[in-house]
Amino acid sequence: MGTIRLYQGDITQAQTDAIVNAANPSLTGGGGVDGAIHRAAGPELLAACLQIAPVGGVRCPVGEARMTSAGKLAAKYVIHAVGPRYRLDPQPPRLLASAWYTSLQLALAQACRSVTFPAISCGVYAYPPAEAAQVALSVCRQPAFAGLAIDICLFSEEMLQIWQHAAAESP
Ligand code: ADP
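Definitions and cut-offs
- Residues numbered from 1 in each chain as written.
- Predicted model: local features only at pLDDT ≥ 70, side-chain atom pairs only at ≥ 80, totals over all residues.
- Heavy atoms only, no water.
- Core = buried A, V, L, I, M, F, W, Y, C linked by side-chain atoms within 4.5 Å.
- Buried < 20%, exposed > 50% of the residue type's maximum accessible area, 1.4 Å probe, protein only.
- Helix = DSSP H or I, 4+ residues; strand = E, 2+ residues; numbered from the N terminus.
- Axes fitted to C-alpha atoms, helices over the stretch in contact; angles between N-to-C directions.
- Parallel < 35°, antiparallel > 145°, perpendicular 65-115°, else oblique.
- Left-handed = near helix turned anticlockwise from the far one by under 90°.
- Contact = heavy atoms within 4.5 Å.
- Nonpolar A, V, L, I, M, F, W, Y, C, P; charged D, E, K, R; others polar.
- Pairing = 2+ DSSP bridges.
- Near = heavy atom within 4 Å.
- Polar contact = N/O pair within 3.5 Å; in protein donor to acceptor, adjacent residues only side chain to side chain.
- Areas by Shrake-Rupley, 256 points an atom, 1.4 Å probe, with all protein chains shown as cover.

Caption draft 1: Geometry of the nonpolar core. Among the nonpolar cores identified, the biggest contains 34 residues, and Trp-100, Leu-104, Val-115, Ile-150, Ile-152 and Trp-163 are the most heavily contacted of them. A total of seven residues in this core trace back to one element, the largest contributor, which is helix α4 (residues 129–140). Core analysis: the next-biggest nonpolar cluster, separate from the first, contains twelve residues, Ala-41, Ala-75, Val-78 and Cys-153 among them.

Put into structure tokens, the structure is as follows:
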């Protein structure tokens, strides 16, 4: 039975089939949650990312996601999702929804039963978190994903409250 659960924590500790990373298009690691996931997973994760052939210098376009093994993490897979930069990319809601949707589809395609997301784009990419939460939750609630246990890991108490508010507000 599908569930959507919001909690505060460190996503690198998640006990889940797939951890979603808020990656950048090169998939070569970075700061924020990306850096934390790569540090926790060890060099095997970067090696797995580098096996994805770049197309025009890009391993994963904005609004899409790619799946790899998970190195030393407890999860089986890492799904590297590239969300939009709020003030730079066109149509950020469409691209953010697409990043969540593609990630969930990849999880289903690999027969995952559980998947854990961070607040994609809500850090350096500066997406207003209340708006991001509405976009993300409406994708997670689609019937296609009703069989998945979806956890959303928020790093701070403040971020958790914003997402809980959005979940209570939207139908
Ligand atoms: P983006 O570039 O997509 O904005 P960031 O990594 O800058 O990605 O931030 C995305 C969200 O992940 C932010 O809310 C940030 O606070 C959060 N975050 C950072 N580290 C962790 C972690 N270890 N676990 C869960 N969330 C994290």
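Caption draft 2: Structural context of the packing of helix α3 (residues 92–109) against α4. At a closest axis distance of 9 Å, the pairing of α3 and α4 adopts a crossing angle of 40°. The angle between α3 and α4 falls in the class oblique. Two packed elements cross with a definite hand, and for α3 against α4 that hand is right-handed. Of the residues in α4, those in contact with Pro-93, Leu-96, Ala-97, Trp-100, Tyr-101 and Leu-104 of α3 are Ala-132, Val-135, Ala-136, Val-139 and Cys-140. Residue composition of the contact of α3 with α4, grouped by class: eleven nonpolar, no polar and no charged.

Caption draft 3: Structural view of the packing of α4 against helix α5 (residues 157–169). In the contact formed by α4 and α5, the axes pass within 9 Å of each other and the chain directions differ by 50°. Classified by the angle between their axes, α4 and α5 sit oblique to one another. Considering the relative orientation of α4 and α5, their crossing is right-handed. The residues of α5 that touch α4, namely those facing Pro-129, Ala-130, Ala-132, Ala-133, Gln-134, Ala-136 and Leu-137, are Met-159, Ile-162, Trp-163, Ala-166, Ala-167 and Glu-169. Residue classes in the contact of α4 with α5 are distributed as eleven nonpolar, one polar and one charged.

Caption draft 4: Region of the structure containing the sheet that holds strand β3 (residues 65–69). The six strands are arranged β1-β6-β5-β2-β4-β3 in an open sheet whose pairing can be described as mixed. Of all the strands in the sheet, the pair left with one neighbour each is β1 (3–8) and β3. Averaged over all neighbouring strand pairs, the angle between strand axes comes to 25°, with direction disregarded. In this structure, strand β5 (residues 114–117) lies alongside strand β6 (residues 149–154), joined through four bridges in parallel fashion. The residue of β6 that forms the bridge with Phe-117 is Ile-152. Strand contacts of helix α1 (residues 32–41): β2 (18–22) and β4 (77–81), with the helix running at about 135° to β2, the strand carrying the most contacts. Together, β1 and β6 form the strand contacts of α5, whose direction differs from that of β1 by roughly 150°.

Caption draft 5: Here's a closer look at the site of the ligand. Neighbouring residues of the ligand: 16 residues in total, closest Asp-10, Val-33, Ser-121, Gly-123 and Val-124. Note that a nitrogen atom of the ligand is positioned 3.0 Å from one of the backbone N or O atoms of Ile-11. Between the ligand and Tyr-125 there is a distance of 3.0 Å, counted from an oxygen atom to a backbone nitrogen or oxygen. Calculation on the ligand without its partners gives an accessible area of 560 Å², and the protein chains cover 88% of this total. Counting residues per element, the shell around the ligand draws most heavily on α1, which supplies three residues. Partitioned by chemical class, the residues of the shell around the ligand number eleven nonpolar, four polar and one charged.

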